[in-house]
Amino acid sequence: GSITTDVPELNLPNFDNTQVGNYSVTQELNGCRSSISQVIIITLESKPSTPIISGENVLCEGATLELSATTESNANFVWITPNGIVTQTDNTLLIENITSAQNGSYQVLTQKTNCISDTSAFFDIQVMQSPDGPEFFTNNISICADETQILEVCVNAANIDYDNLIIIDQSTNT
């Protein structure tokens, strides 16, 4: 069918399968018609599904934040972070050596050619402060065989969970 308009555009509201097809245009002035334009093909593309974010939402400073969005083939993933927008072709967002500056809400949307998904639900990230490094009260020492020695450690008591106080790595020197 033909559509006549008095403006140089064609509005295609609520585009659906009934509007798919080949389109060309002519112009009329003083009863005279121009030649027909090139034909353009208009197709219908599905809107991408709303992505869902998964991953750890509580991390310690210095850890790597890894968030994944549900996959969408041939799409770009637009991550909305507390520090700005990150666009990539991979559905995984990695932030190494995370700090409290990355605390906050994360969202993602997918873009596939001209179609953009709805934005995901908020995914809140909390970055926990790492405790100050503990220190031994002594330097290198020698202990006699069959004797008991207590190694005391200095810790910052303000940010220590006493149920998970200290892990001492024992390596063997040869």
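Before reading on, note that the structure itself is shown above.
Conventions used here
- Residues numbered from 1 in each chain as written.
- Predicted model: local features only at pLDDT ≥ 70, side-chain atom pairs only at ≥ 80, totals over all residues.
- Heavy atoms only, no water.
- Helix = DSSP H or I, 4+ residues; strand = E, 2+ residues; numbered from the N terminus.
- Buried < 20%, exposed > 50% of the residue type's maximum accessible area, 1.4 Å probe, protein only.
- Contact = heavy atoms within 4.5 Å.
- Areas by Shrake-Rupley, 256 points an atom, 1.4 Å probe, with all protein chains shown as cover.
- Pairing = 2+ DSSP bridges.
- Axes fitted to C-alpha atoms, helices over the stretch in contact; angles between N-to-C directions.
- Polar contact = N/O pair within 3.5 Å; in protein donor to acceptor, adjacent residues only side chain to side chain.
- Core = buried A, V, L, I, M, F, W, Y, C linked by side-chain atoms within 4.5 Å.

Novice: Looking at this structure, how should I read the overall build of the protein chain?
Specialist: Per the secondary structure count, the protein chain includes zero helices and 15 strands. Counting across all 174 residues of the protein chain, residues that qualify as buried make up 20%. In the protein chain, the proportion of contacts linking residues at least 24 apart, taken out of those at least 6 apart, comes to 49%. For the protein chain, the accessible surface area stands at approximately 13,500 Å², while carbon and sulfur atoms represent 47% of it.

Novice: What exactly am I supposed to notice about the sheet that holds strand β7 (residues 65–69) here?
Specialist: Each strand in a sheet pairs with its neighbour through backbone hydrogen bonds, running either in the same direction (parallel) or in the opposite one (antiparallel). Taking strand neighbours across the sheet as the criterion, the three strands line up as β5-β7-β10 in an open arrangement whose pairing is antiparallel. Each end of this open sheet is capped by a strand with a single partner; those strands are β5 (53–55) and β10 (92–95). In this sheet, neighbouring strand axes are inclined to one another by 25° on average, regardless of whether the strands run parallel or antiparallel. In terms of strand pairing, β7 meets β10 through four bridges, oriented antiparallel. Within the sheet, the bridge partner assigned to Glu66 lies in β10 and is Leu94.

Novice: Explanation requested: the side chain of Asn91 in the structure shown.
Specialist: As for its placement among the helices and strands, Asn91 is situated in the loop between β9 (84–88) and β10. Among the polar contacts listed, one links the side chain of Asn91 to the backbone oxygen of Ala69, at a separation of 2.6 Å.

Novice: Mind showing me how you'd approach unusual backbone geometry here?
Specialist: Backbone phi values are negative for most residues with the exception of glycine, while trans is the configuration of most peptide bonds. A positive phi angle, near 45°, is found at Asn14, a position not held by glycine. Mapped onto the elements, Asn14 comes out in the segment before β1 (21–23).

Novice: For this particular structure, what's the right way to read the pairing of strand β8 (residues 76–81)?
Specialist: Consecutive side chains along a regular strand alternate between the two faces of the sheet. Sheet analysis places β8 next to strand β11 (residues 104–112), joined by five bridges and oriented antiparallel. Across the sheet, the residue bridging to Ile80 is Gln107, located in β11. Across five bridges, the pairing between β8 and β9 is antiparallel. Looking at β9, one finds that Phe77 is bridged to Gln88. In sequence, β8 turns back onto β9 through a hairpin of two residues.

Novice: Please clarify how the pairing of β11 should be interpreted in this entry.
Specialist: Bridge analysis of β11 against strand β13 (residues 123–128) gives three bridges, and the strand direction is antiparallel. When the bridges of β13 are listed, Ser105 appears paired with Asp124.

Novice: How should I be thinking about the nonpolar core in this particular structure?
Specialist: Soluble, globular proteins show a tendency: their nonpolar side chains are buried together. Judged by nonpolar contacts, the single largest core of 15 residues is most densely connected at Leu65, Leu67, Trp79, Tyr106 and Ile125. In this view, Leu67 contacts Ile53, Ser54, Gly55, Glu56, Trp79, Asn91, Thr92, Leu93, Tyr106, Phe123 and Ile125; residues no more than four positions away in its chain are not counted.

Novice: Honestly, the environment of Asn22 in this entry has me stumped. Any pointers?
Specialist: Structurally, Asn22 is set in strand β1. Exposure remark for Asn22: the relative accessible area of 58% places this residue in the exposed category.

Novice: What is the right way to read the environment of Leu59 from this model?
Specialist: Structurally, Leu59 is set in strand β6 (residues 58–60). Accessibility expressed as a relative area gives 8% for Leu59, which makes it buried. A sequence separation of 67 residues divides Leu59 from Gln126, and the C-alpha atoms of the two residues are 6.4 Å apart.

Novice: Whenever I open this one, the side chain of Gln107 confuses me. Can you help?
Specialist: Looking at where Gln107 falls in the secondary structure, it is placed in strand β11. The exposure class assigned to Gln107 is buried, which follows from its relative accessible area of 15%. For Gln107, the contacting residues outside a window of four places in its chain are Ile53, Val78, Trp79, Ile80, Thr119, Ser120, Ala121 and Phe122.

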